[in-house]
Structures are given as structure tokens and as C-alpha cells.
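Residue-level structural notes
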Amino acid sequence: DAKTTQPTSMDCAEGRAANLPCNHSTISGNEYVYWYRQIHSQGPQYIIHGLKNNETNEMASLIITEDRKSSTLILPHATLRDTAVYYCIVRVSAAGNKLTFGGGTRVLVKP
Amino acid sequence: KAGVTQTPRYLIKTRGQQVTLSCSPISGHRSVSWYQQTPGQGLQFLFEYFSETQRNKGNFPGRFSGRQFSNSRSEMNVSTLELGDSALYLCASSPRTSTNTGELFFGEGSRLTVL
């Protein structure tokens, strides 16, 4: 699986959009981009995934650049409950359910 | 719908002992994966089971083993415990393997402390 690079930490103001970048410059054509988050003392939680097109669900939006070498997870209106470590993962579908987690971005939402 | 259930939530063992952790997946889910989380190494994949067969294995020594039962429940075992095995062990379930949804449902984990 391709390696990802994320900032170690970032702060965000409550109610504002949080934009989390991820670099995956070695991504292959058949690799998907996934985002998970882990709130303290809980198991990781799936957020969203995409291959080429931008995706949106009730939790977030995923913007993937045209060359697919980077992506941005957008939390449209951050709340205090969004404070967590966010992981960007790239994975081929044939990898089954093996996910390779990096260090993630520690996001602190401040009032 | 009940989530992924892991037992026990907390346990303390001493070096050299063995431990068995249990995971009950979401009803209808047939794939179970195990992950180890430590402060130093982060989240690392241990193995995945589907239909009672190990489908994938991470880079861990043979002291780490697992199995899956016909009802999809899974157990993992660590023998001859070492101090470095202290970690949060997470179980995740999914309806199937080799799916491009990549959506895993994680339990809250079993926190193992080895003294």
C-alpha cells in the first residue's frame, strides 16, 4: 500500500470548517483513499473513502486532486466531539480488510 | 444493531503467561480483523479471518495466533507474553473480505498490560 503523509497536529475553531490534508504521491491507480478517525479510548471509526471523484456523506467531504497525489478531508462544521486523531489510508480493494495506519493528524477543536 | 463486542476490556498478565481475547462481530458480518495499538508503533494489522480461514497476516511473531468460529466470533491468543505485548488490541468486523468499501467496524478494544 502507498505511504501517506499527514501533519502531526492541527487546531480548529468550533463551528468552522476543518480541512485535513493528506499526501499520497505514490498512490497507484487501483488504490482507494480512506479516512478513519479515533476518538480517545475508542476504536477507529470509518469516515469516508474515494477513488477519483470527490465524495460527500453525512460526516465529511473528501476532495481528491486530479493527479490523485493528495487529498483533503473536510469537516464542514467542526464540533468539540470531532476532537480525535484522523488517519488517511490508501488501500487496494484486493487487500481485504488489512489497513495500514500511519501516525495520523491529531485534531483539537477549540471552543 | 449491536456493535463489535470485545472481551475482556482490561486485563493484566505477567511475562511468560498466555492470553486469549475474544471478539463478537456485528451480526451478519463474516470478516474479523485484529489490530494492535501501542504508543510506539501505532495501529498495526495482526490478521484477518473470513469464513473460519485466515486470509491475511501481519508481520508479527508466531506467538500471536487467532481463529474464527462458524458463528464468525473470533479469538486471538498471545503466548509467552513479553512486556512489549502491552497494548490495546482492537477487533474489527466487516460484511465480507476483499471489498472496496473498506469500511471496518471497530470494537472498543481489549487493553492488555503485561507486568
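Placed above this text is the structure.
Residues numbered from 1 in each chain as written. Chains lettered and ligands numbered in written order. Predicted model: local features only at pLDDT ≥ 70, side-chain atom pairs only at ≥ 80, totals over all residues. Heavy atoms only, no water.

1. A word on the overall build of chain A
For clarity, the threshold we go by: The secondary structure listing takes helices from DSSP runs of H or I that are at least 4 residues long and strands from runs of E that are at least 2 residues long, numbered from the N terminus. Working definition: with a 1.4 Å probe on protein chains only, accessible area under 20% of the residue-type maximum means buried, over 50% means exposed, and in between means partly exposed. Only heavy atoms enter the contact rule, under which two residues are in contact if any of them lie within 4.5 Å. Accessible surface area values rest on a Shrake-Rupley calculation with a 1.4 Å probe, where residue burial reflects the displayed protein chains alone.
Assigned secondary structure in chain A consists of zero helices and nine strands. Shown N-terminal to C-terminal, the secondary structure of chain A runs as helices and strands in the order β-β-β-β-β-β-β-β-β. For chain A, the proportion of its 111 residues judged to be buried stands at 47%. Within chain A, residue pairs in contact and separated by at least 24 positions form 56% of the contacts whose partners lie at least 6 positions apart. Roughly 5,500 Å² of accessible area belongs to chain A as shown, and the carbon and sulfur atoms make up 49% of that amount.

2. Considering the sheet that holds strand β8 (residues 74-78) of chain B
All names here are of chain B. To keep things clear, this is the line we draw: We treat two strands as partners when DSSP finds at least two bridges between them. For helices, the fitted line uses only the C-alpha atoms of the stretch in contact; every axis is such a line through C-alpha atoms, and the angle between N-to-C directions lies from 0 to 180 degrees.
Strand order in the open sheet formed by four strands is β1-β3-β8-β7, with antiparallel pairing between adjacent strands. At either margin of the open sheet sits one strand with a lone partner, and together these are β1 (5-7) and β7 (64-68). Going from strand to strand, the sheet's axes swing by 15° on average, the running direction of each strand aside. Bridge analysis of β1 against strand β3 (residues 19-24) gives three bridges, and the strand direction is antiparallel. What sits directly across from Thr-7, in β3, is Ser-22.

3. Re the sheet that holds strand β6 (residues 61-64) of chain A
Spatial strand order, β2-β7-β6-β5 (chain A): four strands in an open sheet with antiparallel pairing. Of all strands in the sheet, those with a lone pairing partner are β2 (18-23) and β5 (55-56) of chain A, marking the two edges.

4. Brief notes about the pairing of β7 of chain B
Residues and elements named next belong to chain B. When β7 meets β8, the two strands line up antiparallel, connected through five bridges. Bridge assignment links Phe-64 to a residue of β8, and that residue is Val-78. Taken together, β7 and the strand that follows it, β8, pair antiparallel across an intervening segment of five residues, in which Ser-72 is found at a positive phi of about 75°.

Everything listed here is a matter of geometry and, on its own, says nothing about what the molecule does.
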